[in-house]
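If you want the building blocks of each chain, they are given just below.
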Amino acid sequence: GLLAAVVGGIVAGAIGGSPLQVSGPAAGLTVVVAEIVNKFGWEMTCLITLGAGVLQILFGLSRRARAALAIAPVVVHAMLAGIGVTIALQQFHILLGGAAQSSAWQNLTELPRSVLNHHLSDVVIGAVVIALLVLWPKLPAKARVVPGALAAITVATVFAVVTDSPAERIILTGDFFQALSLPTLTGPANGDWPGVIFSVLTVALIASVESLLSAVAVDKLHSGPRTNLDRELLGQGSANVVSGFLGGLPVTGVIVRSSTNVAAGARTRSSAILHGVWILLFASLFSNLIELVPKAAL
């Protein structure tokens, strides 16, 4: 995921046609990628990501990107909303100091038990973050120069360190660069090449549609240059080729990060590129700082 965030920021940010869109791993592909990993294994998933990137580049070169927008937005919105509910149910358990279950139904049925067995330290930190996010827009403009989410995580981390809170922290084990891995070329263990081809097509289509819809939505948030949709597909495809080659997750344009980018005052594509650079620096050089962040703060 961190590899995909670095590649999405730097490669898609530099090549893509939406100057303010921020790319990386996205919730829209979570369920699809999880099933692909379960069925084919991680190395084949990387090959599928690479293949999807090649297909996206072909989409971009064909200059038919706008055709993807013919898909009714309600279809994509419904898919993302369903995935959002799934993620929210998982995060309730993290907020309460527990562990997420393997399915949305299990997360729902186990919620009463998590509430009864909650860890107070995690709940307090989560409450601090939520309170800051709610109150931040009401502060004077000078204070709001710092994004509310960044302020909330910083305050929660300082609070946890000062109070020596037992809340569980984010842990990054090993060397960031050890995660680099090449995709396998030996083929699927069960010989299911049709399944691999279908997965390539699925990832390419979902990633393309999500990225294009996100780019169009970002255009409505600012008055700067409009998105070149064909070039955006070239950028997204290039990022997926690199991400798959290095061992990262599939990359798409992400509306949450992109809208945050615009709200923070971004004006050029350097902001998207720096998103990848900052993640690279923090993940590779400052992991000790990241490990101070309580899970409940995220």
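Residues numbered from 1 in each chain as written. Predicted model: local features only at pLDDT ≥ 70, side-chain atom pairs only at ≥ 80, totals over all residues. Heavy atoms only, no water.

Before going further, it helps to spend a moment on the packing of aromatic side chains. All chains considered together, the criterion is met by two aromatic pairs. Aromatic rings pair up to connect Trp278, Phe282 and Phe286 into one cluster. (Phe/Tyr/Trp six-rings, centres within 6.5 Å; stacked < 30°, edge-to-face > 60°.)

Here the focus is the packing of helix α9 (residues 193–219) against helix α11 (residues 255–263). Relative to each other, α9 and α11 sit at 20°, their axes nearing to 10 Å. Classified by the angle their axes make, α9 and α11 are roughly parallel. Like other packed secondary-structure pairs, α9 and α11 cross with a definite hand, here right-handed. Mapping the contact onto sequence places Ser214, Ala217 and Val218 in α9 and Ile255, Ser258 and Val262 in α11. (Axes fitted to C-alpha atoms, helices over the stretch in contact; angles between N-to-C directions. Helix = DSSP H or I, 4+ residues; strand = E, 2+ residues; numbered from the N terminus. Parallel < 35°, antiparallel > 145°, perpendicular 65-115°, else oblique. Left-handed = near helix turned anticlockwise from the far one by under 90°. Contact = heavy atoms within 4.5 Å.)

Along the chain, Ala151 falls in helix α8 (residues 148–162). Residue classification places Ala151 among the buried positions, given a relative accessible area of 10%. Apart from residues no more than four positions distant in its own chain, Ala151 is found in contact with Leu132, Trp136 and Val146. (Buried < 20%, exposed > 50% of the residue type's maximum accessible area, 1.4 Å probe, protein only.)

All right, on to the environment of Ser103 then. In this fold, Ser103 is placed in the loop between α4 (73–95) and α5 (104–109). Sequence separation between Ser103 and Gly13 is 90 residues; the distance between their C-alpha atoms is 34 Å.

Packing of helix α2 (residues 30–40) against helix α3 (residues 42–61) brings their axes to within 7 Å, and their N-to-C directions diverge by 130°. On the basis of their axis angle, the class for α2 and α3 is oblique. Where α2 crosses over α3, the two elements pack in a sense that is right-handed. In contact with Val33, Ile36, Val37 and Phe40 of α2, α3 contributes Trp42, Met44, Thr45 and Ile48.

On to the environment of Pro147, then. For Pro147, the location among the structural elements is in the loop between α7 (120–135) and α8. On the basis of relative accessible area, Pro147 is assigned to the partly exposed category, the value being 31%.

Let us now look at α7. If you check α7, its first and last C-alpha atoms are 22 Å apart, about what 16 residues at 1.5 Å a residue would give, namely 22 Å. For α7, the full list of buried residues reads Ser121, Asp122, Ile125, Gly126 and Val129. Down the axis of α7, the sector holding all buried residues measures 130°, keeping them to one side. The outward face of α7, more than 90 degrees from its buried face, is lined by the exposed residues Leu120 and Val134. (Expected span 1.5 Å × (residues − 1). Arc of directions from axis to C-beta.)

What the rule picks out here adds up to three salt bridges. The salt bridge involving Glu110 is made with Arg113; its shortest N-O contact spans 3.5 Å. Here Glu110 falls in the partly exposed class, since its relative accessible area comes to 22%. Linking Glu168 and Lys295 is a salt bridge whose minimum nitrogen-to-oxygen distance equals 3.3 Å. Remark: Lys295 occurs in the segment after α13 (287–290) and Glu168 occurs in the loop between α8 and α9; sequence separation between them is 127 residues. Residue classification places Lys295 among the partly exposed positions, given a relative accessible area of 29%. (Salt bridge = Lys/Arg side-chain N within 4 Å of Asp/Glu carboxyl O.)

Taken together, the side chains of Val161, Leu274, Trp278, Leu281, Phe282, Leu285, Phe286, Leu289 and Leu292 define a hydrophobic patch exposed on the protein surface, amounting to about 820 Å² of accessible area. Ranked by the residues each element gives to the nonpolar patch, the list is headed by helix α12 (residues 270–285), at five residues. (Patch = residues over 30% accessible without salt bridge, like charges linked within 9 Å, V, L, I, M, F, W, Y side chains within 5 Å. Areas by Shrake-Rupley, 256 points an atom, 1.4 Å probe, with all protein chains shown as cover.)

Take α2 next. Every buried residue belonging to α2 is among Val33, Ile36 and Phe40, and all of these are buried. Taken around the axis of α2, the buried residues stretch over an arc of 60°, which confines them to a single face. In α2, those exposed residues whose orientation departs by more than 90 degrees from the buried face are Val31 and Asn38. In the core, the buried residues of α2 are packed alongside α3 and α9. Remark: Gly41 follows α2 within two positions and exhibits a positive phi of approximately 90°.

This next bit is on the side chain of Gln21. Inspection of the secondary structure puts Gln21 in the loop between α1 (2–15) and β1 (23–24). A distance of 2.6 Å separates a polar atom in the side chain of Gln21 from a polar atom in the side chain of Ser214. In this structure Gln21 touches Ser211, Ser214, Ala215, Val218, Glu232, Gln236, Gly253, Ser258 and Ala272, once residues within four positions along its chain are discounted. (Polar contact = N/O pair within 3.5 Å; in protein donor to acceptor, adjacent residues only side chain to side chain.)

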